[in-house]
Amino acid sequence: MSVFCQQIVAALEELAPLRYAEEWDNVGLQIESDRQMVEKIMLALTPSEKVIAQAVEKKVDFLLTHHPLIFKPLKTINSRTAAGRSARQLLTHQISYYAAHTNLDTVLVNQTLAEAISLQSVKPLSFSHADCYYKLAVYVPVGYEEKVREAICTSGAGFIGKYSHCTFQSAGTGTFLPLAEAKPFLGEVNRLERAQEYRLETIVPSENLTDVLTQMHAAHPYEEVAYDLYPLKNQPERAGIGVIGDLSEKLTLTEFMQQVKKILQLDSIRYCGERQKIIQRVAILGGSGASYINLAHEQGADVLLTGDLSYHDGQLAEELGLAVIDGTHFATEHFVLPVLGDYLTQRFQHKVTIIFADEKDFWHAE
Ligand SMILES: [Zn+2]
């Protein structure tokens, strides 16, 4: 039993849409092997060479990691860099490779931790997506509507909740008179043309607008594309990085840390703040969250659970009176892998085998 690689990609992007990735990020299918069918999937946090070696050894067809293998554009692929060696290994052994990074942070990483801690009334810590929406209406000659629809809907338009390709089309007659310098796709210079056209309408989040308009122009046959763009008052999707919520009962920082250590399976934990401080409102940002200390404080958090914290991050937290817990970058993100594994198992029951890489934090305490 097996499934097409593209089915796995589609399932992952249904869970963590690519449009939720930060602009600086690089996510999605980064290496495509010639093998179309997938029987075995490996999940890991980081595509280290040790993880790649395990994927080869276990003969997986698809490797899914949180941190991207190809992050900054690769200038060369050779065996002098880890990324080059890894790309070569994956291609040689016909393993497709996929990264779900900040798009997964937005929908699952912090929510999973929040659930484990039983946070109530959870909402995003930072709203980073879809400040506003636009309505795009474009006039397309009959016969080109599918091409234009596909172009705009694969570049970020037409998403409503769990649906993509949401458009409305109505038929009508467009008129235009090509002037002297024009090179019209239909009609002749200086003659009024009547063309059968569709008005194709859809919704576009502001952050995708440039891409959508570029792809629309590329797919449209007319020299001058007629389109309207209206700002909308629709409520934006409330997606963002990090979460904030409330514990059902107040705990001291010490009690809360005991709980966190157990959940993250840590023997010890770094923190700053008074051990007796009362904790109810909790902000969570798996991975590197030092830059969210101010925001967590502004939103009334008693504590921020994150990773990768420095001495001066502690100084800032202390100045603000915010307790901060360094649950480690590794543990606060590795936590999501079983949930991701369960999702894929449910989607492709008995058709694929899911395995997890044997992976440890790069950092140790002695
Ligand atoms: Zn990370």
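Here we summarise the structure given alongside this text.

Definitions and cut-offs
Residues numbered from 1 in each chain as written. Predicted model: local features only at pLDDT ≥ 70, side-chain atom pairs only at ≥ 80, totals over all residues. Heavy atoms only, no water. Patch = residues over 30% accessible without salt bridge, like charges linked within 9 Å, V, L, I, M, F, W, Y side chains within 5 Å. Areas by Shrake-Rupley, 256 points an atom, 1.4 Å probe, with all protein chains shown as cover. Salt bridge = Lys/Arg side-chain N within 4 Å of Asp/Glu carboxyl O. Helix = DSSP H or I, 4+ residues; strand = E, 2+ residues; numbered from the N terminus. Pairing = 2+ DSSP bridges. Axes fitted to C-alpha atoms, helices over the stretch in contact; angles between N-to-C directions. Contact = heavy atoms within 4.5 Å. Donors = N, O, S within 2.8 Å, 3.2 Å for Na, K, Ca; no water. Tetrahedral: all angles 85-135°; square planar, octahedral: opposite > 155°, others 65-115°. Buried < 20%, exposed > 50% of the residue type's maximum accessible area, 1.4 Å probe, protein only. Right-handed = clockwise from strand over helix to strand, strands pointing away.

### Remarks on a nonpolar patch on the surface
Where nonpolar side chains cluster on the molecular surface, the patch consists of Leu177, Leu179 and Leu192 and spans about 290 Å² of accessible area. In this fold, Leu192 is placed in the loop between β9 (167-176) and β10 (193-205).

### Comments concerning the sheet that holds β10
The strands that make up a sheet are held in pairs by hydrogen bonds between backbone atoms, and each pair lies either parallel or antiparallel. The strand order across the open sheet formed by four strands is β9-β10-β8-β11, and the pairing between neighbours is antiparallel. Each end of this open sheet is capped by a strand with a single partner; those strands are β9 and β11 (227-231). Recorded for the sheet is a direction-independent mean angle of 25° between the axes of neighbouring strands. Inspection of the sheet shows strand β8 (residues 133-141) paired to β11 by five bridges, in the antiparallel sense. Within β11, the residue paired with Tyr134 across the bridge is Pro231. Each of β8, β9 and β10 is contacted by helix α5 (residues 145-153), which is oriented at about 20° to β10, the strand it contacts most.

### Details of the coordination of the zinc ion
Geometry reference: four tetrahedral donors at a metal, ideal angle 109.5 degrees. Six octahedral donors, ideal angles 90 or 180 degrees. Those protein atoms acting as donors to the zinc ion are His67 (NE2), His329 (NE2), Glu333 (OE) and Glu333 (OE), and they sit at 2.0 to 2.6 Å. Because the angles between the four donor atoms bound to the zinc ion fall within 54 to 135°, the donor set is best described as irregular. In the primary structure, the donors to the zinc ion are separated according to the pattern H-x261-H-x3-E. Residue His329 and its partner Glu333 are both found in helix α10 (residues 329-334); the two are separated by four residues, about one turn of the helix. For Glu333, a relative accessible area of 2% corresponds to the buried category.

### Quick look at the pattern of salt bridges
This structure, assessed with the given rule, holds twelve salt bridges. Asp358 serves as the salt-bridge partner of Lys360, at 3.8 Å between the closest nitrogen and oxygen. Judged by relative accessible area, Lys360 falls into the exposed class, the value being 60%. A cluster of three or more residues bridged by salt bridges with shared partners is formed by Lys135, Arg199, Glu201 and Asp228.

### Focus: the pairing of strand β15 (residues 303-307)
Of all the five residues making up β15, five are buried; the element is thus mostly covered by neighbouring parts of the structure. Neither face of β15 is left uncovered, since the one carrying Val303, Leu305 and Gly307 and the one carrying Leu304 and Thr306 both have all their residues buried. In this region the chain leaves strand β14 (residues 278-288), passes through helix α8 (residues 293-298) and returns to the parallel neighbour β15; the handedness of that crossover is right-handed. Of the pairings in the sheet, the one linking β15 to strand β16 (residues 323-326) comprises four bridges and is parallel in character. In the strand pairing of β16, Val303 is matched with Ala323. Handedness of the crossover joining β15 and β16 through helix α9 (residues 311-320): right-handed.

By themselves these figures say nothing about function.
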